[in-house]
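# Close look at the chain arrangement
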Amino acid sequence: MKKFLIYLSVILVAVSLGFTVFYLTRNNEKIYISTSSVYMREGEEIDDLSIIWENKKAFSEYEVLSSNENIAAYDKTTGKLKAKSGGIATITFRTSSVKFRNLSCQVYVGDGSLNNPYYVTNADQLRQIGAYTTVGETTEIRYGLDECYKLVTNIDLLDGYNDTGFWIPIGTGNDNGFTGSFDGNGYTISNVSVDKARLVEELAALEGVDPGVTNYNTFVNAGLFSKVGINGRISNLKINNIIVHGAYENGYVGSVAGQNYGTIERVEVLNGHLDTTGAAAVGGITAVNISQDATIDPDGEGSQPAEYVRYTARIDRCAAQVTMGIAKSDIPEEQIVTGVAGNVGGIVGTNHGGIVIYSYSMGDVYLNKTSAVNFGGVVGVNATKMFATQDSKYLYNYAGAHVKDNYSLVVLKNGQETLTDATIGGIIGSSQDVPALDPEDNGITAEEAGSANKVVGNYYNKENLNFVETQPGVDPVVTVTYTGVGKHTVEGAVVAAADKDYFIQGKTSNELKLQTTYLSHKNVE
């Protein structure tokens, strides 16, 4: 008597392809189907289910069912799966044989909304964000800068834009910047190389590349993103091996974004190299973190009175391991130290009324010896943002620049050399503050008035800040001793800025390894 047995039911994890395959065998009849999560975009058609039936028996039949055909529907004739609208649908593969159990997979369809973001599965889809695409005779931005995106795999950008090897920052040429949501989902974007001059050279040699469309010869902000705009959010992301090189006159250079007016949170930069000249500000995460105000139309239709609002820029739980001021090279003797200038920070170059909190920086920094520079291990310049409009729903006419619970392990490689015009601090280079309250109006002293900028719970490695290159047989000599704040002013007047308990403290490497060293702002404010 012929026996029908199911011999195997094996789950194979195909690591390199990132999906799971159910492998079913019955009398040498084998069925393969991709059963991991399938990510699609609204309107897209794919045949990635890859249903393969080996040694199919003449009497065997199958059907593919969708739990919601308004979201995703399978066409058995063409073997294609079509994404119809945003949402999640279960696709079930069922055979006529009772000996085979049903197979199923989840299909996620993105439409750019917060609940159903566009899923980014490869480098091409990352390049498409905010980029112009030619469809027929029209050129349009298919995937907008105001929409939501989510990584679902690691991305390698080694090929750059148009196979040049160089990246055009997302949002380049758009004044509003990226105002949507980009969720890295814990994945890594690797091998980002930004070099405007070399990109222009490479693209100019290609046919069919319109510089007016790609903006490749106009950008002055450098980073993975050009600018994170108001309400924009970058989160849960790792960036590994980002290199930004070249001249960006009066521009802004950061690993994550040149400018931030929104929120960057839980982003880690590993093995970053920022070797640029001419920039107004340079930061391990972003060059500038600026709070803004605006008058908006509440419903977008003009049916309600205009509303005055303020938006707080925020850097939260970020980490930057970045070398600044030296070109990356595999051969040490070929490295060229140019030194960075402008407002330079391990996390943020300029924090203007924004928040920098729960973050840390590390890496080597070389400062330009002849140009003006404000350098801080966390923030280069920390300044109160004054608003021209005073609205009754806001207590003050300013936004304080808050730096809380951060630490810096940055090694200042040439701080002991002669620097013509440098202001240097372990946490903040130049602190520009105003009183929290007006002493005269409130009948209080200047000390009682407090500070608009809240700087609490910050630590830096004082050995790294006052680093001296050791020479064989020569004792290291520290000729200049830097502290937590290079220069502190209140309403333009210089005020003493010694390290203080709870605010900013310099510690040794061994002390920074002890949990008891640290005290959060939550305990002292």
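Structure: above.
Now for a quick tour of the structure. Model, not experiment: these values are computed from the prediction.

Moving residue by residue along a regular strand, the side chains alternate between the two faces of the sheet. Extensive coverage of strand S30 (residues 319-324) is indicated by the burial of 5 of its 6 residues. Inspection of the sheet shows strand S24 (residues 263-277) paired to S30 by 5 bridges, in the parallel sense. Paired with Val 269 across the two strands is Ala 320, which belongs to S30. With 3 bridges joining them, S30 and strand S34 (residues 360-362) adopt parallel strand pairing. What sits directly across from Ala 320, in S34, is Ser 361.

Here we take up the nonpolar core. Grouped together as the largest cluster of nonpolar side chains are 74 residues, with contacts concentrated most on Leu 126, Phe 182, Ile 189, Ile 234 and Phe 375. Among the elements that line this core, the one with the most residues is strand S21 (residues 233-247), at 5 residues. Apart from the residues within four sequence positions on either side, Phe 182 is in contact with Leu 126, Ile 129, Tyr 149, Leu 151, Ile 189, Phe 225, Arg 233, Ile 234, Ser 235 and Leu 237. Core analysis: the next-biggest nonpolar cluster, separate from the first, contains 18 residues, Val 64, Ile 71, Ile 91 and Val 107 among them.

So, about the layout of surface pockets. Of the voids in this model, the largest pocket is the one considered here, and its volume is about 750 Å³. Asp 433, Ser 451, His 488, Lys 500 and Phe 503 are, among the 26 residues lining the largest pocket, the residues nearest its centre. Taken together, the elements giving at least two residues each to the lining of the largest pocket come down to strand S44 (428-433), helix H5 (446-449), strand S45 (455-456) and strand S47 (485-490). Grouping the constituent residues of the lining of the largest pocket by class yields 15 nonpolar, 5 polar and 6 charged.

Alignment of strand S20 (residues 225-228) against strand S23 (residues 257-260), held across 3 bridges, turns out to be parallel. Paired with Phe 225 across the strands is Ala 257, a residue of S23. Looking at chain direction, S23 and strand S26 (residues 286-290) are connected through 3 bridges and run parallel. Its bridge partner lying in S26, Asn 260 is registered against Asn 289.

According to the stated counting rule, one finds 14 aromatic pairs in the structure shown. Seen in terms of ring centroids, Tyr 39 and Tyr 119 are 5.0 Å apart; in terms of plane orientation they differ by 50 degrees. Their pairing is tilted. With Tyr 39 in strand S4 (residues 38-41) and Tyr 119 in strand S12 (residues 118-120), this residue pair connects regions lying 80 residues apart in the sequence. Note on Tyr 39: relative accessible area 29%, which makes it partly exposed. Owing to a relative accessible area of 8%, Tyr 119 belongs among the buried residues under this scheme. Considering the side-chain rings of Phe 182 and Phe 225, the 5.6 Å spacing of their centres and the 75 degrees angle between planes classify their relative orientation as edge-to-face. On the criterion of sequence distance, the pair formed by Phe 182 in strand S17 (residues 181-183) and Phe 225 in strand S20 is long-range, its members being 43 residues apart. By relative accessible area, which is 0% here, Phe 182 ends up buried. For Phe 225, a relative accessible area of 0% gives the class buried. Through successive ring pairs, a cluster of aromatic residues spans Tyr 118, Tyr 143, Tyr 149, Phe 178, Phe 182 and Phe 225. In this arrangement the basic side chain of Arg 41 is found over the ring face of Tyr 143, its NZ or CZ atom lying 4.3 Å from the centre.

In this section: the sheet that holds strand S36 (residues 372-376). Across the sheet, 6 strands lie side by side as S19-S22-S25-S31-S36-S43; this open sheet has parallel pairing. Sheet topology places strand S19 (221-222) and strand S43 (421-425) at the edges, where each strand pairs with a single neighbour. Pairing between S36 and S43: 5 bridges, direction parallel. Bridging across to S43, Asn 374 finds its partner in Thr 423.

Turning our attention to unusual backbone geometry. If you check the backbone angles, Tyr 358 has positive phi at about 55 degrees while not being a glycine. Its location among the elements puts Tyr 358 in the loop between strand S33 (355-357) and S34. You can call Tyr 358 partly exposed: its relative accessible area is 31%. For Asp 405, which is not a glycine, the phi torsion comes out positive at approximately 55 degrees. Within the secondary structure, Asp 405 sits in the loop between strand S40 (402-404) and strand S41 (407-408). Overall, Asp 405 belongs to the buried group, its relative accessible area being 15%.

Under the counting rule described, the total for this entry stands at 9 salt bridges. In this structure, Arg 127 and Asp 124 form a salt bridge, with 2.5 Å as the shortest nitrogen-oxygen distance. Within this pair, Arg 127 and its partner Asp 124 are both found in helix H1 (residues 123-127), separated by 3 residues, close to a single helical turn. Residue Arg 317 is joined to Glu 265 by a salt bridge in which the shortest nitrogen-to-oxygen separation is 3.4 Å.

Turning our eyes to something else, we now look at empty space enclosed by the protein. What the rule picks out here adds up to 1 cavity of 30 Å³ or more. What the largest cavity holds in volume is close to 40 Å³. Along its surface, the largest cavity is lined by Phe 375, Gly 377, Ser 408, Val 410, Gly 426, Tyr 460, Asn 461 and Leu 465. Counted by class, the lining of the largest cavity contains 4 nonpolar, 4 polar and no charged residues.

Locating Asn 382 in the fold gives a position in strand S37 (residues 379-383). Among the polar contacts listed, one links the side chain of Asn 382 to the side chain of Asn 351, at a separation of 2.8 Å. Ignoring sequence-local partners within four residues, the contact set of Asn 382 consists of Asn 351, Ala 401, Val 403, Ile 428, Ser 430, Ser 431, Gln 432, Asn 453 and Val 455.

A cluster of nonpolar side chains, contributed by Leu 395, Tyr 396 and Leu 437, occupies part of the molecular surface with about 290 Å² of accessible area. Topologically, Tyr 396 is positioned in the loop between strand S38 (385-386) and strand S39 (398-399).

Conventions adopted
Residues numbered from 1 in each chain as written. Predicted model: local features only at pLDDT ≥ 70, side-chain atom pairs only at ≥ 80, totals over all residues. Heavy atoms only, no water. Buried < 20%, exposed > 50% of the residue type's maximum accessible area, 1.4 Å probe, protein only. Helix = DSSP H or I, 4+ residues; strand = E, 2+ residues; numbered from the N terminus. Pairing = 2+ DSSP bridges. Core = buried A, V, L, I, M, F, W, Y, C linked by side-chain atoms within 4.5 Å. Contact = heavy atoms within 4.5 Å. 1 Å grid on protein atoms, 1.4 Å probe; cavity = no way out; pocket = protein on both sides within 12 Å on 5 of 7 lines; lining within 4 Å. Points joined across faces, edges and corners; volume = space filled by probe spheres on them. Nonpolar A, V, L, I, M, F, W, Y, C, P; charged D, E, K, R; others polar. Phe/Tyr/Trp six-rings, centres within 6.5 Å; stacked < 30°, edge-to-face > 60°. Lys NZ or Arg CZ within 6 Å of the ring centre and 35° of its normal. Salt bridge = Lys/Arg side-chain N within 4 Å of Asp/Glu carboxyl O. Polar contact = N/O pair within 3.5 Å; in protein donor to acceptor, adjacent residues only side chain to side chain. Patch = residues over 30% accessible without salt bridge, like charges linked within 9 Å, V, L, I, M, F, W, Y side chains within 5 Å. Areas by Shrake-Rupley, 256 points an atom, 1.4 Å probe, with all protein chains shown as cover.

Nothing here speaks to function; it is geometry throughout.
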